[in-house]
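Structural description and commentary
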Amino acid sequence: MTDKAEYRLYVKKNSPRSPMVRSLFAAFVVGGLICCVGEGIRDGISALFPSFSEEEVGAWTTVVMIFLGSFFTAIGVYDRLGRFAGGGSIVPITGFANSVVSPALEYNREGVFFGICAKMFVIAGPIIVFGVVSGIVVGIVACLV
Amino acid sequence: MKTGRQSFTANRPVYVRSSYTIVGPKEGEGRFGEEFDTVLKDDLWGEKSYEKAESKMHREAIRGAVCLAGMTLEDVDLMLAGDLLNELSASGFAMRYFKVPFLGLYNACSTFSEAVLLGAALIDGGAAKTVTCSTSSHFASAERQYRYPLELGNQRTPTSQWTVTGAGCTVLGAERPTAEGDRESRERFSEKMKAMREECLEAAKAEDAEKKTRTEAGDNTLFSVKGGAFDALKRRFIRAWRPECLADPVCDAAYERKFVAKITGGTFGKVTDFGIDDESNMGGAMAPAAADTFIAHLMDTGRAPEDYDAIFTGDLGRFGKEAFAHLLAKEGIKTDARYDDCGAAYYKAEQETFQGGSGAGCVNTVFNAHIIKRIERGELRRVLVLATGALLNKDTPLQKETIPGVSHAFTVECEEL
Amino acid sequence: MEVFLDYLKVFAVGGALCALGQLLINKTKMSSARILVLFMLLGLVLEVAGAFSYMKEFASSGVTIPITGFGSSIAKGAIEGAKEGGALGAVSGGLKAAAPGISAVVFFGFIFALVFRSHSKKI
């Protein structure tokens, strides 16, 4: 039989790859557009509620973007966008919403308790864990310095 | 009879009594779309989950094949079945409806050839007279179990394959089918189908009439409480069986086979691992197993590739097909136009599945809908089917395991009816 | 004109971050969760290093809408919490800053999962 290492090299060399230019371009355009939508929402909120501080406006913008990401996931549009844009729809906060809502939708057939609630963070769990742990580390370091 | 190290040759002919396939809508638009018996319009098929839908497809494929063989369930001695879901839930749950002994099999996507080989060996040895061999897979249930939720917006890599939504069943028997028997069972089958369709049509008509009278009475509510919740549920169930959900069965009474296919032997495969660890590149991981089994088959039987009219691998995909040819070329075996891969050929290029189809339903539906019909028309005299499977689960790549592959081969030959 | 320029900056910077994510996907075959964690940590580090506020001034939503914004607000919250509330503030500040986002995602996820079903795909 053929040498295994040689075969591994053959597979590595000859496996089809993602079309680099096209996928980067799609990610750039879609990602940029999602950020522009976010900017529009931010401008809208600060125009509607001039009393809000910058932090409040930012938080509300995040909430609205998460709503949009969740909604388009629920109606089955976001996965198609993701297929086209890849990183363009993963990196924005809407992609985070997608990674929480999609398992929740997927497992709702196992019921509310062990389906939706238990499986909600199967993909996004690491983001929350890393966020909380790194936040605590930063806080403690800031405390000591 | 054992032949060589890994192979066996049937002492008496094991006939393919009938075959039946049910596939999803995307598969219906694929290259073999015209040849499947039933193409679903909706891959949920009126069920509440994709797992239930897969089980239903599996069940109906067995029912269809047994009916087409001109048999009842009483005549079936043993059912060999498998699928890709955890603990074989699709096949196991389908078996609740049959009072027939059941053996569950798992060899990933090569389960179908495992079932056919075992069925042929059991019939050859006299342990059973009639055996059904069925497998199924469903895109949505496989996606959830092996990959990600359906709605996750990630990108599929160019090496990935598309799990076929399909179920198929082959009925193997020691008894030789006859032309009259064939005609009779086909007639009975299409009558049954027609009756079922008429039932559905009537139910649909009654529903429409009820809706009409309701609208005329000025009641525009979508869900009437008049009939109660149970009736609403019943209507929903009937709607799942409405004719628009079912396509016309292709195997009409007019179809006549000139030849009958028989399983004459095969080669049991060894687990082969060349150290490929990319779970999105199954073709590359399974090609060595297919090559290993193929070479073992040639050595055991003393045949050359030229002795076959066609050689089909299971679901190596476009790249896996190349890798298979590459591995064989190293051993001095040339592959030519008679070799094809069921997965790579499954979908049309514009369906964007990258490497093509995969899954336990892939080689099964191609064999039962396409290959068997070509044999029965007399186009192919001797065919080798090498179904391939990757033996991993969702956790093993995370535990840094490589992907072992396995491949079983069976030989189909034809005999004039 | 100025508004247009602002949006152009947002588009360019946000798009560039996403393209960087795509480059990582193409080169390393990382899953989407890994990409998200990596970019969140990037935002966190930039905030701690003090570079994030300059980037935010330049590109606004171009850096806050990508998950880097989430990371930066965690770091910011943790540092502020440490200054104001001592040890307890340091421990809870990060999560407090991330609370609106996490609450929204849990709430909407729960509601939508009750109402909608996941759809099978054809492409």
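1. Looking at the interface of chain C and chain A
Contact residues are listed per partner, giving 63 residues for chain C and 73 residues for chain A. Together, the buried faces of chain C and chain A total about 5600 Å²; carbon and sulfur atoms form 78% of this surface. The tally of links between chain C and chain A comes to 2 salt bridges. One salt bridge connects lysine 76 of chain C with glutamate 55 of chain A, and the closest N-O pair in it is separated by 3.5 Å. The tally of links between chain C and chain A comes to 12 residue pairs in polar contact (both at pLDDT 80 or more). The element contributing the most residues to the side of chain C that touches chain A is helix 5 (residues 68–115) of chain C, with 24 residues. Its residues assigned to classes, the side of chain C that touches chain A shows 43 nonpolar, 15 polar and 5 charged.

2. Side note on helix 2 (residues 50–68) of chain B
Residues and elements named next belong to chain B. The end-to-end C-alpha separation of helix 2 is 26 Å, in line with the 27 Å expected for 19 residues at 1.5 Å each. Most of helix 2 sits inside the fold, with 16 of its 19 residues counted as buried. Phi for glycine 70, located one or two positions after helix 2, is positive at around 75°.

3. Description of the interface of chain C and chain B
The interface of chain C with chain B comprises 11 residues on the first partner and 16 residues on the second. Across the chain C to chain B interface the summed buried area is about 1300 Å²; carbon plus sulfur atoms make up 47%. Ranking the residues of chain C by area buried against chain B places Ser120, Lys121 and Lys122 of chain C at the top, with a combined share of 45%. At the junction of chain C and chain B, the tally comes to 1 salt bridge. The residue aspartate 278 of chain B makes a salt bridge to lysine 29 of chain C at a minimum N-O spacing of 3.2 Å. There are 6 residue pairs in polar contact (both at pLDDT 80 or more) connecting chain C and chain B.

4. Overview of the pairing of strand 6 (residues 130–137) of chain B
On a regular strand, one side chain projects to one face of the sheet and the next to the other, so that they alternate. All names here are of chain B. Counting buried positions over the 8 residues of strand 6 gives 8, a clear majority of the element. Neither face of strand 6 is open: one carries Thr130, Thr132, Ser134 and Ser136, the other Val131, Cys133, Thr135 and Ser137, and all of them are buried. As judged from the 6 bridges shared by strand 4 (residues 78–83) and strand 6, these two strands associate in the parallel manner. Counted as the bridge partner of glycine 82 is threonine 135 from strand 6.

5. Structural notes on unusual backbone geometry
In this structure, glutamate 87 of chain B takes a positive phi of about 55° despite not being glycine. By the secondary structure assignment, glutamate 87 of chain B is in the loop between strand 4 and helix 3 (89–94).

6. So, a positive patch on the surface
Residues Lys48, Lys52 and Arg96 of chain B together with Arg117 of chain C make up a contiguous surface patch of positive charge. Relative to the helices and strands, lysine 52 of chain B is located in helix 2. You can call lysine 52 of chain B partly exposed: its relative accessible area is 45%.

7. Describing a negative patch on the surface
Residues and elements named next belong to chain B. A cluster of acidic residues, Glu74, Asp75, Asp77 and Glu175, forms a negative patch on the protein surface. You can see aspartate 75 is positioned in the loop between helix 2 and strand 4. According to the relative accessible area criterion, aspartate 75 is partly exposed, its value standing at 36%.

8. A short note on the packing of helix 2 (residues 20–48) of chain A against helix 3 (residues 54–74) of chain A
Residue and element names in this part refer to chain A. Look at helix 2 against helix 3: their axes get within 9 Å of each other, and the N-to-C directions meet at 130°. The angle between helix 2 and helix 3 places the two elements in the oblique class. Between helix 2 and helix 3 lies a crossing whose hand is right-handed. Mapping the contact onto sequence places Ile34, Val37, Gly38, Ile41, Arg42, Ile45 and Ser46 in helix 2 and Val57, Gly58, Trp60, Thr61, Val64, Met65 and Leu68 in helix 3. Residue composition of the contact of helix 2 with helix 3, grouped by class: 9 nonpolar, 4 polar and 1 charged.

9. Quick word on a nonpolar patch on the surface
On the surface, a cluster of nonpolar side chains totalling about 450 Å² of accessible area is made up of Val112 of chain A together with Phe107, Ile111, Leu114 and Val115 of chain C. Broken down by element, the nonpolar patch gets its largest block of residues, 4 residues, from helix 5 of chain C. Relative to the elements of secondary structure, valine 112 of chain A occurs in helix 7 (residues 112–119).

10. What about the confidence of the model for chain B?
Across chain B, pLDDT averages 87, with 88% of residues at or above 70. The low-confidence segment residues 220–233 of chain B (pLDDT under 50) makes 5 contacts with residues lying over four places distant or belonging to another chain.

11. As for the side chain of threonine 170 of chain B
Residues and elements named next belong to chain B. With respect to the element layout, threonine 170 can be found in strand 8 (residues 166–173). Overall, threonine 170 belongs to the buried group, its relative accessible area being 1%. Reaching out from threonine 170, the side chain makes a polar contact with the side chain of asparagine 368 at a distance of 2.6 Å. Excluding residues within four positions of it along the chain, threonine 170 makes contact with Val16, Ser18, Ser19, Phe112, Val131, Thr132, Cys133, Phe367 and Asn368.

Calculation notes
- Residues numbered from 1 in each chain as written.
- Chains lettered and ligands numbered in written order.
- Predicted model: local features only at pLDDT ≥ 70, side-chain atom pairs only at ≥ 80, totals over all residues.
- Heavy atoms only, no water.
- Contact = heavy atoms within 4.5 Å.
- Buried area = accessible area lost by both parts, 1.4 Å probe.
- Salt bridge = Lys/Arg side-chain N within 4 Å of Asp/Glu carboxyl O.
- Polar contact = N/O pair within 3.5 Å; in protein donor to acceptor, adjacent residues only side chain to side chain.
- Helix = DSSP H or I, 4+ residues; strand = E, 2+ residues; numbered from the N terminus.
- Nonpolar A, V, L, I, M, F, W, Y, C, P; charged D, E, K, R; others polar.
- Expected span 1.5 Å × (residues − 1).
- Buried < 20%, exposed > 50% of the residue type's maximum accessible area, 1.4 Å probe, protein only.
- Pairing = 2+ DSSP bridges.
- Patch = residues over 30% accessible without salt bridge, like charges linked within 9 Å, V, L, I, M, F, W, Y side chains within 5 Å.
- Areas by Shrake-Rupley, 256 points an atom, 1.4 Å probe, with all protein chains shown as cover.
- Lys, Arg positive; Asp, Glu negative; His and termini not counted.
- Charge placed at Lys NZ, Arg CZ, Asp CG, Glu CD.
- Axes fitted to C-alpha atoms, helices over the stretch in contact; angles between N-to-C directions.
- Parallel < 35°, antiparallel > 145°, perpendicular 65-115°, else oblique.
- Left-handed = near helix turned anticlockwise from the far one by under 90°.
- pLDDT = per-residue confidence, 0-100.

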